[in-house]
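This is what each chain is made of:
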Amino acid sequence: MALHSILKMGEPGLLARAEPVTAFNTPELELLVADLWETMHSRSGAGLAAPQIGVPLQVVVFGTGMLNPRYPEAEIVPPTVLINPTVTPMGATMEDGWEGCLSVPGLRGLVPRYAQVRYQGFDQHGDSIARTVDGFHARLVQHECDHLWGFLYPMRMKDMAQFGFVDTLFPQIADAETDID
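These numbers were taken from a predicted model, which means no experiment stands behind them. (Residues numbered from 1 in each chain as written. Predicted model: local features only at pLDDT ≥ 70, side-chain atom pairs only at ≥ 80, totals over all residues. Heavy atoms only, no water.)

Visitor: Can you explain the sheet that holds strand E5 (residues 104-114)? Please cite residues and give values.
Guide: Pairing is antiparallel in the open sheet, where three strands are placed in the order E4-E5-E8. Two strands lie at the open edges of the sheet, namely strand E4 (94-101) and strand E8 (163-165), each paired on one side alone. On average, each strand axis in the sheet is tilted by 25 degrees relative to the strand beside it, whichever way the strands run. Of the pairings in the sheet, the one linking E4 to E5 comprises seven bridges and is antiparallel in character. Bridge assignment links Gly97 to a residue of E5, and that residue is Val111. Along the sheet, helix H2 (residues 135-148) makes contact with E4 and E5, crossing E4 at roughly 60 degrees. (Pairing = 2+ DSSP bridges. Helix = DSSP H or I, 4+ residues; strand = E, 2+ residues; numbered from the N terminus. Axes fitted to C-alpha atoms, helices over the stretch in contact; angles between N-to-C directions. Contact = heavy atoms within 4.5 Å.)

See the structure below:
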């Protein structure tokens with residue numbers, strides 16, 4: 001396992017579409033997943049996508065498992081490895097929520113996301129995953145999967161007046177560096 005540097009907004013690799021994983025249950029995939037978890041936890045993230053560490057594969061890890069200091073009011077999201085995902089909105093209802101990102105450090109923006117989604121894909125062993133979720137869980141999976149398709153959360157924002165530095169927008173939680181990933 002190894003800690004990786006996280007690419008920041010402006011790096012071309014963050015804007016590229018990631019490739020599907022074609023082989024499951026391999027030592028290489030297990031190592032990638034372990035590295036993603038270790039890197040995410042080292043930054044107190046709630047999720048991390050392989051493209052954020054320079055690996056152009058459709059692999060994300062996410063979950064809060066316990067209360068996350070960066071999102072103290074968010075519900076617990078189970079630790080999940082999601083590979084080759086599809087995300088389907090369950091209705092047209094959108095909700096605005098504040099998001100941050102390890103690739104956009106120190107900033108937050110108000111982002112519209114589908115209120116409820118169904119996501120499907122595989123874990124690192126090739127076992128299928130299918131869940132219908134709402135709330136923070138739905139926001140988190142949409143944010144992480146966006147990284148696989150070359151999107152960063154500022155690209156989803158409708159009002160750039162709702163984009164700023166964490167220490168200015170949320171001084172009470174600025175010490176926790178509040179980012180979704």
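Now that the structure is up, let's keep going.
Visitor: Can you lay out the environment of Trp149 for me, pointing to particular residues and giving the numbers?
Guide: Position of Trp149 relative to the elements: it lies in the loop between H2 and E8. Residue classification places Trp149 among the partly exposed residues on the basis of a relative accessible area of 22%. (Buried < 20%, exposed > 50% of the residue type's maximum accessible area, 1.4 Å probe, protein only.)

Visitor: Account for the sheet that holds strand E7 (residues 128-134), with residues named and values stated.
Guide: Taken in spatial order, the five strands make up an open sheet running E1-E2-E3-E6-E7, and their pairing is antiparallel. Bordering the open sheet on either side are strand E1 (47-49) and E7, each of which pairs with just one other strand. Taken pair by pair, the neighbouring strands of this sheet meet at an average axis angle of 35 degrees, ignoring direction. In this sheet, strand E6 (residues 116-122) lies alongside strand E3 (residues 80-89) in antiparallel orientation, the contact comprising five bridges. Counterpart to Pro89 in the pairing with E6 is Val117. Strand contacts of helix H1 (residues 27-42): E1, strand E2 (59-62) and E3, with the helix running at about 40 degrees to E2, the strand carrying the most contacts.

Visitor: Can you explain the pairing of E6? Please cite residues and give values.
Guide: The side-chain alternation of E6 yields one buried face, formed by Val117, Tyr119 and Gly121, and one unburied face, formed by Gln116, Arg118, Gln120 and Phe122. The pairing of E6 with E7 spans seven bridges and is antiparallel. Bridging across to E7, Phe122 finds its partner in Ser128. If you look at the hairpin formed by E6 and E7, you'll find five residues sitting between the two strands, and Gly126 has a positive phi there, around 90 degrees.

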